[in-house]
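# Survey of secondary and tertiary structure
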Amino acid sequence: MEPLYLTSITCICCETTYKTSRVRPSFKKPSNRDTDFCSHYKTDFNPDYYVVRVCPRCGFASTENGAERMTDAQKKEYYDTFGSRWIHRDYGGNRTKEQALECYKLALLCCGIIKEKDRVIAGLLHHIAWLYRYEGLQEQEQRFLRFALEAYITVFETEGGSLNNAKLMYLIGELHRRVGEPRKAVQWFSRVVNDKRITDASMIRASRDQWQMLRENNNNELFEEEPAAMNA
């Protein structure tokens, strides 16, 4: 069985139906996963490479979490800003690392043009950081982790009430840790552990683990007392 399969997508911008590749579920088993949910795979078919769909006709790039339709004003803005200069390209087959990065940056450009939701933009920025991590390009990874962190904080401030707050708060703490801001990281981890409204045991446990690691690495200076016991 081939790792990739084709699925049909209808572009929300030009309404062209095109094919894009996805990785079969049986090939999506990661060999390990980082503490910010970045998965690593032993095969060459990394599912992260195929998250973004790019219309070969107009170049509009999106993900399944993005907008389901565009207004006429958004379409005009897209064509005026970028679409009119698009040269036909097809990303529907097997993607290289370079092509995957191109797709993500196209999606980021499109999100900016149509003013996509912050949570979609945050996810794209985070995935781009992962692509650089796969390549060992730490400076670029750090750059995009900071962009993702800022976007996630905006999501928490504007959409927090309708999302999984525990996972979002943990992720904000973890990205603070990864960009070298341990005190801010501890503040977010502590909020997850001590907020009685949060019952997500896995995120509470992960927050406690990361807080404990920070405490050990910083000679117990970040907090004098350990966060409250994890909810049963």
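It should be emphasised that the depicted structure is a prediction, and the values quoted were computed from it without experimental measurement.

A few words on the pairing of strand E2 (residues 17–23). Relative to E2, strand E1 (residues 4–10) is paired through seven bridges, and the arrangement is antiparallel. Looking at E2, one finds that Thr7 is bridged to Thr20. Hairpin geometry of E1 and E2 is characterised by an intervening segment of six residues between the two adjacent antiparallel strands and by a positive phi of about 65° at Glu15.

Moving on, we come to the confidence of the model for the protein. Here the protein averages 92 in pLDDT, and 92% of its residues register 70 or above. In this model, residues 228–232 is a region of pLDDT below 50 whose contacts with residues beyond four sequence positions or in other chains number 11 contacts.

What follows covers the packing of helix H6 (residues 182–194) against helix H7 (residues 201–217). If you want to describe how two helices pack, look at the angle between their axes and the distance between the axes. Closest axis-to-axis distance for the H6/H7 pair is 9 Å, and the angle between their directions is 145°. The handedness of the crossing between H6 and H7 is left-handed. When H6 is examined against H7, the residues Pro182, Ala185, Val186, Phe189, Val192 and Val193 are found in contact with a partner set consisting of Met203, Ile204, Ser207, Arg208, Gln210, Trp211 and Leu214. Among the residues forming the contact of H6 with H7, the class breakdown is 10 nonpolar, two polar and one charged.

Right, let's get into the nonpolar core. Generally speaking, a soluble globular protein has its nonpolar side chains buried in company with each other. By size, the foremost hydrophobic cluster in this structure holds 68 residues, and its most contacted members are Cys11, Val52, Val54, Cys58, Phe60, Tyr78 and Tyr152. Elements that contribute at least two residues to this core include exactly E1, E2, helix H2 (97–114), helix H3 (118–134), helix H4 (138–159), helix H5 (165–178), H6 and H7. For this core, the element with the most residues is H2, which contributes 10 residues. Beyond its immediate stretch of four places on either side in the chain, Phe60 contacts Cys11, Ile12, Cys13, Arg53, Val54, Cys55, Met70, Tyr78, Cys110 and Ile114.

Analysis parameters
- Residues numbered from 1 in each chain as written.
- Predicted model: local features only at pLDDT ≥ 70, side-chain atom pairs only at ≥ 80, totals over all residues.
- Heavy atoms only, no water.
- Pairing = 2+ DSSP bridges.
- Helix = DSSP H or I, 4+ residues; strand = E, 2+ residues; numbered from the N terminus.
- pLDDT = per-residue confidence, 0-100.
- Contact = heavy atoms within 4.5 Å.
- Axes fitted to C-alpha atoms, helices over the stretch in contact; angles between N-to-C directions.
- Left-handed = near helix turned anticlockwise from the far one by under 90°.
- Nonpolar A, V, L, I, M, F, W, Y, C, P; charged D, E, K, R; others polar.
- Core = buried A, V, L, I, M, F, W, Y, C linked by side-chain atoms within 4.5 Å.
- Buried < 20%, exposed > 50% of the residue type's maximum accessible area, 1.4 Å probe, protein only.

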